[in-house]
Amino acid sequence: DGWGEPGGAGAGGDLVAFSRRAGQTECGAHGGNLQVGWLNGRAGHEPVFLDSWVKTQSAVDEGGWRPLSVLYSLEDGQRQVLGAPFFYDAESWPSPADGSGMSPDELEAAFSAQLLEHLRPCFRICDRVDDASLVTRVVPAGGTLVLFDSVAVPHEVAPTLSGERYAMAGWLHQKVQEPPDWC
C-alpha cells in the first residue's frame, strides 16, 4: 500500500529533532530553573539556566530585597554563574517599544548581553538550529513512542502528504517554582 513511501499512503509527518551533544549533564531544567540556551564549549554544549530569584539588597524596593535574574551553567553539579545579576528593566535587557515581545534573534542577543564578555559569542538560545545541531528524523510507524525534552530540543513535525495520521502528545512538567519567602 506504499505506507511511509513518498506519495504512498501515510507519506510525510516525520518528526525532526535538532539536539545538541550535552554530555552527562542535566538539561531542560535544573532546580526549577528553566534552560534558556547553550554554551558551545570544549566538551560539547553546556546548558545555560535562568534563575530569576537571586536575592540582592536594594534601597529601591520596600523591605530592602529585590529579586534579580542570573544565568548559570553546571560544573560537577555546582552552579557556575556566567554573568552579573540583572533585572528586566536593566539597560542591557531591551524591551521592544511596541510591547510585542522579542524575536528569537533579539532574545538571544538580550540573554547574551547578560553573560561575561568572553562567553557571548558561544551562546545560543535553546530553539536555535545551526550547524552544531544533531539532526534526528523519526519516520512515523504504528506503535512508535518518542520521548524527548521539548524545551531543550528544537523540533518540528513535517506535514502529512497523503493519508491520515493520528498523534497523541503529552507534557510532563516539574513542580512550579514558588517565590521565596523574602520576596
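So, here is what we can say about the structure in this document. All residue numbers here refer to positions counted from 1 along the written sequence of the relevant chain. Under the rules for a predicted model, residues below a pLDDT of 70 receive no local features and side-chain atom pairs below 80 are neither given nor counted, while totals for whole chains, interfaces and linings still include all residues. Note that the side-chain values use all heavy atoms of the structure and ignore hydrogens as well as water.

**Here we look at the overall build of the protein chain**
Then, number 1: Labels follow the DSSP assignment, with helices taken as runs of H or I lasting at least four residues and strands as runs of E lasting at least two, numbered in each case from the N terminus. Looking only at helices and strands, one finds one helix and nine strands in the protein chain.
Then, number 2: Buried positions account for 33% of the 183 residues belonging to the protein chain.
Then, number 3: When checking whether two residues touch, look at their non-hydrogen atoms; a contact exists if any pair is within 4.5 Å. Expressed as a percentage of contacts within the protein chain between residues at least 6 apart in sequence, the contacts between residues at least 24 apart total 53%.
Then, number 4: For the protein chain, the accessible area works out to roughly 12,100 Å², and carbon and sulfur atoms hold 53% of it. Partly exposed describes any residue whose relative accessible area lies between the buried limit of under 20% and the exposed limit of over 50%, with all areas from a 1.4 Å probe on protein chains only and scaled to the type maximum. Working definition of accessibility: Shrake-Rupley area with a 1.4 Å probe, residue cover restricted to the visible protein chains.

**Examining the packing of aromatic side chains**
Aromatic rings considered in pairs are described by the distance between their centres and by the relative angle of their planes.
Then, number 1: In this scheme Phe, Tyr and Trp rings, the latter by its six-membered ring, pair at centre separations within 6.5 Å, and the angle between planes marks the pair as stacked below 30 degrees, edge-to-face above 60, and tilted otherwise. Going through the model one piece at a time under the given rule, you end up with two aromatic pairs.
Then, number 2: Relative to Tyr72, the ring of Phe49 has its centre 5.5 Å away and its plane inclined at 35 degrees; by these criteria the two rings are tilted. Separated by 23 residues along the polypeptide, Phe49 in strand β4 (residues 44-57) and Tyr72 in strand β5 (residues 65-75) bring together distant segments of the chain. Tyr72 matches Phe49 in its accessibility class, with the two residues each being buried.
Then, number 3: Measuring from ring centre to ring centre gives 6.4 Å for Phe111 and Phe123, while their planes differ by 65 degrees; the resulting arrangement is edge-to-face. One end of the pair, Phe111, is in helix α1 (residues 104-113); the other, Phe123, is in strand β7 (residues 123-125), and twelve residues separate them in sequence.

**Re unusual backbone geometry**
Then, number 1: The phi dihedral of Asp76 is positive, around 55 degrees, even though this residue is not glycine.
Then, number 2: Following the sequence through the fold, Asp76 ends up in the loop between β5 and β6 (78-81).

**Let's talk about the environment of Phe87**
Then, number 1: Residue placement: Phe87 occurs in the loop between β6 and α1.
Then, number 2: Sequence separation of Phe87 and Ser52 is 35 residues, and the distance between their C-alpha atoms is 8.7 Å.

**Quick notes on the sheet that holds strand β9 (residues 155-157)**
Backbone-to-backbone hydrogen bonds pair the strands of a sheet. The strands run either parallel or antiparallel.
Then, number 1: What the three strands build is an open sheet, ordered β8-β1-β9; its pairing is antiparallel. Where the open sheet ends on each side, the last strands, each with one partner, are β8 (134-138) and β9. In this sheet, adjacent strand axes meet at a mean angle of 15 degrees when their direction is disregarded. For two strands to count as paired, DSSP must find a minimum of two bridges between them. The axes used here are C-alpha line fits, helices contributing only the stretch in contact, and every angle between their N-to-C directions lies in the interval 0 to 180 degrees.

**Digging into the environment of Ala113**
Then, number 1: Among the secondary structure elements, Ala113 is positioned in helix α1.
Then, number 2: Residue class for Ala113 comes out partly exposed when judged on its relative accessible area of 29%.
Then, number 3: Residues Ala113 and Glu91 lie 22 residues apart in sequence; the distance between their C-alpha atoms is 9.9 Å.

**Examining the nonpolar core**
Then, number 1: Residues belong to one nonpolar core when they are buried, are Ala, Val, Leu, Ile, Met, Phe, Trp, Tyr or Cys, and are joined through side-chain atoms within 4.5 Å. Grouped together as the largest cluster of nonpolar side chains are 14 residues, with contacts concentrated most on Leu39, Val48, Leu71, Phe111, Leu115 and Phe123.
Then, number 2: Listed by contribution, the elements that provide at least two residues to this core are β3 (33-41), β4, α1 and β7.

**Structural notes on the pairing of β6**
Then, number 1: Of the strand pairs in this sheet, β5 and β6 are connected by four bridges, and their pairing is antiparallel. Residue pairing across strands places Ser73 opposite Gln80, the latter belonging to β6.
Then, number 2: Remark: two residues form the turn of the hairpin made by β5 and β6, two consecutive strands paired antiparallel; Asp76 in that turn has positive phi of roughly 55 degrees.

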